[in-house]
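Chain residues, written in single-letter form:
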Amino acid sequence: MTINSQKISSREQAEAILDKYDYFLFDCDGVLWLGDHLLPHVIETIDLLQSKGKTVLFVTNNSTKCREEYTKKFHKLGFGSVTKEQIVGSSYATAVYIEKIMKLPKDKKIWVLGERGIEIELQEAGYQTLGGTDPELNVDSFDPEHPYFNLDDDVGCVVAGLLFQVNYLKLSLTLQYLLKDNKSIPFVGTNIDSTFPMKGKLLMGAGSIIESVVFASGRQPDAVCGKPNSGMMNTIKAKNEGLKANPLKGLMIGDRLNTDMLFGRNGGLDTLLVLTGIELEQLVSKVEQQPTYYASKLGVIYELTQ
Ligand SMILES: C[C@H](OP(=O)(O)O)C(=O)O
Ligand SMILES: [Mg+2]
């Protein structure tokens with residue numbers, strides 16, 4: 001297959017990108033950073049865009065942090081001016097979905113298989129969460145008599161996402177709620193990423209955690225809210241009228257084809273794949289739907305324009 005995607009490797013190409021787009025949507029893991037390791041010249045690239053008056057948004061599928069915690073991470077890593085309003089995470093997208101689309105009544109509780117980010121966003125939306133990071137669940141040995149096995153009849157939704165503190169009890173309790181009431185409690189996933197990029201390694205992604213309870217319960221999630229779900233794009237467009245009116249003024253930058261690139265394309269935006277995370281250059285020519293552009297890393301936009 002031929003490559004239709006344009007590789008960003010000259011000053012003219014980088015400047016053309018700066019001229020053409022008003023909205024820059026950035027994926028985070030694999031684009032800006034790998035864990036706490038900042039990728040080269042990303043701060044300079046973001047500063048360059050902001051100095052030109054571009055709208056810069058951060059759209060991450062990583063549900064382990066809420067928007068508030070991401071703001072702190074941005075500041076700690078040296079992105080001085082980033083605000084909570086610029087961040088859209090899959091944990092926030094999940095809370096928006098449950099509140100606005102599913103319209104789960106606020107007196108219902110939500111069982112969480114995941115980290116703090118999910119709990120905080122759901123609590124900010126007005127829901128009481130169960131499970132999640134409750135220290136009661138961090139046990140070394142499995143006890144089928146654990147009090148949590150007295151299932152709470154007020155649980156009206158199960159949310160599953162990326163979990164670092166995985167254990168048998170948390171997975172088995174999630175299974176109980178997925179099977180409860182003839183499998184009728186709504187089941188929502190944060191995102192489908194099979195893997196998670198860490199410096200030089202591929203780790204387990206949220207999708208792989210979710211798949212374990214999918215397999216055990218024989219159920220598929222009723223919704224998965226992160227990229228490429230269009231609900232997340234609609235949330236962004238609702239707050240950015242110019243992007244809604246003219247999606248081609250937007251560029252989605254990411255490191256994964258089946259989430260970031262699909263999300264941008266489905267939203268009507270152009271796309272830029274960077275090769276610092278999940279995908280390798282050889283793949284660009286092999287996929288049917290190629291990104292509009294690709295680049296070795298995000299920082300080339302800054303480097304080529306200096
Ligand atoms: C890796 C991904 O985060 P993102 O790349 O969307 O920031 C995820 O947490 O599954
Ligand atoms: Mg990524």
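Residues numbered from 1 in each chain as written. Chains lettered and ligands numbered in written order. Predicted model: local features only at pLDDT ≥ 70, side-chain atom pairs only at ≥ 80, totals over all residues. Heavy atoms only, no water.

Our next topic: the site of ligand 1. Neighbouring residues of ligand 1: Asp27, Cys28, Asp29, Thr60, Asn61, Asn62, Asn191, Asp193, Phe196, Pro197 and Lys227. In this structure, Asp27 approaches ligand 1 through a side-chain N or O atom, which is 2.7 Å from an oxygen atom. Contacts to ligand 1 include Cys28, whose backbone N or O atom sits 3.4 Å from an oxygen atom. The cavity where ligand 1 resides is the largest cavity. When the residues that make up the shell around ligand 1 are grouped by side-chain class, the tally is three nonpolar, four polar and four charged. (Near = heavy atom within 4 Å. Polar contact = N/O pair within 3.5 Å; in protein donor to acceptor, adjacent residues only side chain to side chain. 1 Å grid on protein atoms, 1.4 Å probe; cavity = no way out; pocket = protein on both sides within 12 Å on 5 of 7 lines; lining within 4 Å. Sits in = over half its atoms within 2 Å of the grid points. Nonpolar A, V, L, I, M, F, W, Y, C, P; charged D, E, K, R; others polar.)

In this section: the pairing of strand E15 (residues 270-274). Of all five residues in E15, five are buried; the element is thus mostly enclosed. Residues of E15 alternate between two faces, with Asp270, Leu272 and Val274 on one and Thr271 and Leu273 on the opposite face, all of them buried. As defined by bridge partners, strand E14 (residues 250-254) adjoins E15 across four bridges and the pair is classed as parallel. Counterpart to Met252 in the pairing with E15 is Thr271. Crossover E14 to E15 through helix H10 (residues 257-266) is right-handed. Pairing between E15 and strand E16 (residues 293-295): three bridges, direction parallel. Bridging across to E16, Val274 finds its partner in Ala295. (Buried < 20%, exposed > 50% of the residue type's maximum accessible area, 1.4 Å probe, protein only. Helix = DSSP H or I, 4+ residues; strand = E, 2+ residues; numbered from the N terminus. Pairing = 2+ DSSP bridges. Right-handed = clockwise from strand over helix to strand, strands pointing away.)

Our focus in this paragraph is the side chain of Thr64. Along the chain, Thr64 turns up in the loop between strand E5 (55-60) and helix H3 (67-77). Among the polar contacts listed, one links the side chain of Thr64 to the side chain of Asn62, at a separation of 2.7 Å. The contact partners of Thr64, leaving out residues within four places of it in the chain, are Glu69, Glu115, Arg116, Gly117, Leu162 and Phe164. (Contact = heavy atoms within 4.5 Å.)

Bringing helix H1 (residues 11-20) into the picture now. Here H1 has its buried residues at Gln13, Ala14, Ile17 and Leu18. The buried residues of H1 occupy one face: seen down the axis, they fall within an arc of 140 degrees. Counted as exposed and oriented over 90 degrees from the buried face of H1: Glu12 and Asp19. Structurally, H1 contributes buried residues whose contacts are with strand E1 (6-7), strand E2 (23-26), helix H2 (42-51), E14, E16 and helix H12 (300-305). (Arc of directions from axis to C-beta.)

Annotation from UniProt places "binding site: Mg(2+)" (unreviewed entry) at Asp27, Asp29 and Asp255. Across 229 residues of sequence, these annotated residues stay compact in space, with a maximum C-alpha separation of 8.1 Å. Set against the largest cavity, the annotated residues named above that line it are Asp27, Asp29 and Asp255. Mapped onto the elements of the fold, Asp27 is located in the loop between E2 and strand E3 (33-34). Residue Asp27 is classed as buried on the basis of its relative accessible area of 5%. Apart from the residues lying within four places of it in its own chain, the contact partners of Asp27 are Leu32, Val59, Thr60, Lys227, Met252, Ile253, Gly254, Asp255 and Asp260. At 2.7 Å, the side chain of Asp27 and the side chain of Lys227 are in polar contact. Along the polypeptide, Asp255 turns up in the loop between E14 and H10. (UniProt positions renumbered as here; feature names shortened; annotations may be inferred.)

With six of six residues buried, strand E9 (residues 155-160) lies mostly within the body of the structure. Pairing between E9 and strand E10 (residues 187-189): three bridges, direction parallel. Looking at E10, one finds that Ala160 is bridged to Gly189. With helix H6 (residues 168-183) bridging E9 and its parallel neighbour E10, the resulting β-α-β unit is right-handed.

This part is about the environment of Leu34. Secondary-structure assignment places Leu34 in strand E3. For the pair formed by Leu34 and Gly277, sequence separation is 243 residues and the distance between their alpha carbons is 7.7 Å. Sequence-distant contacts of Leu34, defined by excluding residues within four places in its chain, comprise Leu39, Pro197, Met198, Lys199 and Thr276.

Right, let's get into the domain arrangement of the chain. Domain annotation of the chain identifies domain 1 (6-61 + 228-304) and domain 2 (104-224). Each of domain 1 and domain 2 has a C-alpha centre, and these two points are 30 Å apart. The interface of domain 1 with domain 2 comprises 14 residues on the first partner and 11 residues on the second. Together, the buried faces of domain 1 and domain 2 total about 980 Å²; carbon and sulfur atoms form 58% of this surface. Of all residues in domain 1, the largest losses of buried area upon contact with domain 2 belong to Leu34, Asn61 and Arg256, amounting jointly to 42% of the total for that side. Counting across the interface, domain 1 meets domain 2 through one salt bridge. Taking the shortest distance from any N to any O, the salt bridge between Arg256 and Asp193 comes out at 3.3 Å. (Domains from an automatic or database assignment. Buried area = accessible area lost by both parts, 1.4 Å probe. Salt bridge = Lys/Arg side-chain N within 4 Å of Asp/Glu carboxyl O.)

Bringing the packing of helix H4 (residues 90-101) against helix H5 (residues 116-124) into the picture now. Between H4 and H5, whose axes approach to 8 Å, the crossing angle comes to 35 degrees. Remark: the crossing between H4 and H5 carries right-handed chirality. Residues Ser91, Tyr92, Ala95 and Ile98 of H4 form the contact with H5, whose own contacting residues are Gly117, Ile118, Glu121 and Leu122. Considering only residue class, the contact of H4 with H5 consists of five nonpolar, two polar and one charged. (Axes fitted to C-alpha atoms, helices over the stretch in contact; angles between N-to-C directions. Left-handed = near helix turned anticlockwise from the far one by under 90°.)

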